[in-house]
Amino acid sequence: MKQLVTNILFATDLSANSSHALRHAASIAQATKAQIHVLHVNEPISDDAKITMEMFILNEETRKTALSRRHEMVRKVLAERQAKFWARFEGGDAKIREQVTSVEVTDGHPAEVILRRSVELGCDLIVLGAHDHGFSHTFLGTVAKRVLRRSKIPTLIVPNPDEA
């Protein structure tokens, strides 16, 4: 029988529940020897936020720097959370980390980017954490519904263990 899962796209909103969802993605990857691709999508800045920045940050170069620092901060938080998550594994389980083949932070509309990257990376499974009040309050609500509705591959939504 052909192996069904060879590439897993783990989409994170950087909330506390993301670690719980990553544990499921890692478990599946360990069982199937699949590669894990970690993805975080920064939602576009709203028009209100842009106007506020223009009102309070008059220098255009400073505004550009602030926007690029946003990306840097998300990358830093993602790296810290990944390091903390993988530090819990010992022995043979620690080798699962070697199955993480890419970590990406990008801008766009999360559902669109998740679906596009799942195709581009040749993923067989998408793993998302259920809604948790983290950086992106709408992650499960709108994003997961859109991903579930339009995905052509299996999608696993991992519920928040605190809410179960």
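Heads up: the structure comes first, above all this text.
Note that residues are indexed from 1 along each chain, following the sequence as it is written. Totals for whole chains, interfaces and linings use all residues, but because this is a predicted model, local features are given only for residues with pLDDT of at least 70 and pairs of side-chain atoms are given and counted only at 80 or more. As a rule here, side-chain values cover all heavy atoms of the structure and leave hydrogens and water aside.

J.: When you look at the overall build of the protein chain in this model, what are you seeing that I'm missing?
T.: Secondary structure elements follow DSSP: runs of H or I no shorter than four residues count as helices, runs of E no shorter than two count as strands, and numbering proceeds from the N terminus. When helices and strands are tallied, the protein chain shows five helices and five strands. Taken from the N to the C terminus, the helices and strands of the protein chain come in the order β-α-β-α-α-β-α-β-α-β. In terms of overall size, the protein chain behaves like a compact globule, its C-alpha atoms giving a radius of gyration of 17 Å where 164 residues would be expected to give roughly 15 Å. The dimensions of the protein chain, computed from C-alpha atoms along their principal axes, are 60 × 35 × 35 Å. Relative accessibility decides the category of a residue: with a 1.4 Å probe and only protein chains considered, values under 20% of the type maximum give buried, values over 50% give exposed, and everything between is partly exposed. Classification of the 164 residues of the protein chain by burial places 41% in the buried group. Summed over its atoms, the accessible surface of the protein chain is roughly 9700 Å², and 55% of this surface lies on carbon and sulfur atoms. Across the protein chain, the mean location of the 22 positive side-chain charges is 4 Å away from that of the 20 negative side-chain charges. The quantity called the radius of gyration is restricted to C-alpha atoms. Its globule counterpart is 2.2 Å times the number of residues to the power 0.38. Per-residue and other accessible areas follow the Shrake-Rupley method at a 1.4 Å probe size, with only the shown protein chains counted as cover for residues. Only four residue types enter the tally: Lys and Arg on the positive side, Asp and Glu on the negative side; His and the chain ends are excluded. Note on charges: their place is set at NZ of Lys, CZ of Arg, CG of Asp or CD of Glu.

J.: Whenever I open this one, the nonpolar core confuses me. Can you help?
T.: Nonpolar side chains in soluble globular proteins tend to end up buried together. Residues enter a nonpolar core if they are buried and are Ala, Val, Leu, Ile, Met, Phe, Trp, Tyr or Cys, with the set joined through side-chain atoms within 4.5 Å. If you look at the biggest cluster of nonpolar residues, it comprises 24 residues, and the most contacted ones within it are Ile8, Phe10, Ile36, Trp86 and Val127. Counting residues per element, the ones that place at least two in this core are β1 (7–11), α1 (17–32), β2 (35–42), α3 (60–87), β3 (100–107) and β4 (125–129). In terms of nonpolar packing, the next biggest core, distinct from the first, is built from 14 residues, Leu39, Ile126, Leu128 and Ala144 among them.

J.: Could you clarify how one ought to interpret the packing of α1 against α3 in this entry?
T.: Angle between the axes and distance between the axes: these two values describe a pair of packed helices. Fitting a line to C-alpha atoms yields each axis, with helices limited to the stretch in contact; the angle taken between N-to-C directions then spans 0 to 180 degrees. For the pair α1 and α3, the least separation of the axes is 11 Å and the interaxial angle reads 55°. One way to sum up the angle between α1 and α3 is to call them oblique. Two packed elements cross with a definite hand, and for α1 against α3 that hand is right-handed. Counting all contacts with α1, which are made through Ser19, Leu22, Arg23 and Ala26, the residues of α3 involved are Gln82, Phe85 and Trp86. Gly is put with the polar residues, along with every residue not named as nonpolar or charged; the nonpolar set is Ala, Val, Leu, Ile, Met, Phe, Trp, Tyr, Cys and Pro, and the charged set is Asp, Glu, Lys and Arg. Looking at the contact of α1 with α3 residue by residue, the classes come out as four nonpolar, two polar and one charged. Relative orientations are named as follows: roughly parallel for angles under 35 degrees, roughly antiparallel for angles over 145 degrees, roughly perpendicular for angles from 65 to 115 degrees, and oblique for any other angle. Helix crossings get a hand from a simple test, with the near helix turned counterclockwise from the far one by less than a right angle marking a left-handed crossing and a clockwise turn marking a right-handed one. Here, residues are in contact when the closest pair of their heavy atoms is within 4.5 Å.

J.: I'm lost on the sheet that holds β3 in this one. Help?
T.: Judged by pairing direction, the sheet is parallel, and its five strands sit side by side in the order β3-β2-β1-β4-β5 without closing on themselves. Of all the strands in the sheet, the pair left with one neighbour each is β3 and β5 (155–158). Shown here is a sheet whose adjacent strand axes are inclined to one another by a mean of 20°, direction ignored. Relative to β5, β4 runs parallel, the two being bridged by four bridges. Pairing of glycine 129 across the sheet is with valine 158, part of β5. This element, α1, spans β1, β2, β4 and β5 of the sheet and lies at about 175° to β1. On top of the sheet, α3 reaches β2 and β3; it is set at about 150° to β3, its chief contact. The pairing criterion is simple: DSSP has to find at least two bridges between the two strands.

J.: Any chance you could explain the pattern of salt bridges here in plain terms?
T.: Here the idea is simple: oppositely charged side chains can pair when their charged atoms come close. Salt bridges are defined by distance alone: a side-chain nitrogen of Lys or Arg within 4 Å of a carboxyl oxygen of Asp or Glu. Within the structure shown, the criterion is met by five salt bridges. The shortest N-O distance in the salt bridge between glutamate 112 and arginine 150 comes to 2.7 Å. Of this pair, glutamate 112 sits in helix α4 (residues 110–120) while arginine 150 sits in helix α5 (residues 139–150), placing them 38 residues apart in sequence. By relative accessible area, glutamate 112 is classed as partly exposed at 37%. Shared partners join several salt bridges into a network, and the residues in it are Glu104, Arg116, Arg117 and Glu120.

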